[in-house]
Amino acid sequence: MSDDHDHHDGDEHELRVSKIRSGTVIDHVRGGQALNVLAILGIDGSEGEEVSVGMNVPSDRLARKDIVKVEGRELSQDEVDVLSLIAPDATINIVRDYEVIEKHRVEPPEIVEGVLSCPNAGCITTSGEPVDSRFEVLEDGVRCDYCGTIVRDEIAALIDT
Ligand code: CTP
Ligand code: ZN
């Protein structure tokens, strides 16, 4: 919460990305994952979306981190669940009136349902049947509960938009 703590994260003299008034800061995102965070949140630069992104900024906890600040928005549990798959060290900070009023680490769920789509064209979940996707979360990826397909590195590409 204190400004002096911010100094550990980088520049001695100024914040690299300005503070937000009210909304959500997704901090300690693995370097290189910010664009995937935007994809998960469905942020595409439409009018009315006020978003700041820092990429590969210095961090005390990670070598380099990405950070995404979304004004005027809180995240759903589904969104946080999927974020945890690509940004396992992320913290979600809820800001109101410029203050962080809530901070929590993301936690990978055991199962994600209805938010990722199976890359296997022969899977029942992609065949037009009314079956919701269902993936088991592994240490290093996800596995389709219906066909067993395992995806490790390209999880962000499975996000239903
Ligand atoms: N933040 C922001 N706008 C605010 C308040 C905070 O953008 N009005 C950002 C800070 O810049 C920081 C993150 O939200 O990136 C978390 O804020 P804070 O808890 O104050 O920082 P730290 O104590 O450094 O967080 P942590 O211990 O999680 O690293
Ligand atoms: Zn499948």
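Residues numbered from 1 in each chain as written. Chains lettered and ligands numbered in written order. Predicted model: local features only at pLDDT ≥ 70, side-chain atom pairs only at ≥ 80, totals over all residues. Heavy atoms only, no water.

As named in an unreviewed UniProt entry, the protein is Aspartate carbamoyltransferase regulatory chain, taken from Haloterrigena salina JCM 13891. Recorded in UniProt for the protein, the comment headed Sequence similarities (unreviewed entry) runs: "Belongs to the PyrI family." (UniProt positions renumbered as here; feature names shortened; annotations may be inferred.)

## Some remarks on the coordination of the zinc ion (ligand 2)
Here the zinc ion (ligand 2) is held by Cys 118 (SG), Cys 123 (SG), Cys 144 (SG) and Cys 147 (SG), and the distances to it run 2.3 to 2.4 Å. Considering all four donor atoms around the zinc ion (ligand 2), angles at the metal cover 101 to 116° and the coordination shape is tetrahedral. Sequence spacing among the residues donating to the zinc ion (ligand 2) works out to C-x4-C-x20-C-x2-C. For Cys 144, a relative accessible area of 3% gives the class buried. A residue is classified by how much of its surface remains accessible, and Cys 147, at 31% relative accessible area, is partly exposed. (Donors = N, O, S within 2.8 Å, 3.2 Å for Na, K, Ca; no water. Tetrahedral: all angles 85-135°; square planar, octahedral: opposite > 155°, others 65-115°. Buried < 20%, exposed > 50% of the residue type's maximum accessible area, 1.4 Å probe, protein only.)

## Notes on the pattern of salt bridges
Oppositely charged side chains are able to pair whenever their charged atoms sit close together. Applying the stated criterion across every chain, the model contains eight salt bridges. Residue Glu 136 pairs with Arg 143 through a salt bridge whose shortest N-O separation is 3.1 Å. A cluster of three or more residues bridged by salt bridges with shared partners is formed by Glu 113, Arg 134 and Asp 145. (Salt bridge = Lys/Arg side-chain N within 4 Å of Asp/Glu carboxyl O.)

## Describing the site of ligand 1
Taken together, 16 residues surround ligand 1, and among them Ile 20, His 28, Lys 69, Tyr 98 and Lys 103 come closest. Lys 69 places a side-chain nitrogen or oxygen 2.6 Å from an oxygen atom of ligand 1. Within the backbone of Tyr 98, one N or O atom sits 2.8 Å away from a nitrogen atom of ligand 1. In isolation ligand 1 offers 590 Å² of accessible surface; the protein chains occlude 92% of this area. Secondary structure elements with two or more residues in the shell around ligand 1: helix H1 (3–6), strand E1 (23–30), strand E3 (64–71), strand E4 (91–96) and strand E5 (99–105). For the shell around ligand 1, the residue count by class is seven nonpolar, three polar and six charged. (Near = heavy atom within 4 Å. Polar contact = N/O pair within 3.5 Å; in protein donor to acceptor, adjacent residues only side chain to side chain. Areas by Shrake-Rupley, 256 points an atom, 1.4 Å probe, with all protein chains shown as cover. Helix = DSSP H or I, 4+ residues; strand = E, 2+ residues; numbered from the N terminus. Nonpolar A, V, L, I, M, F, W, Y, C, P; charged D, E, K, R; others polar.)

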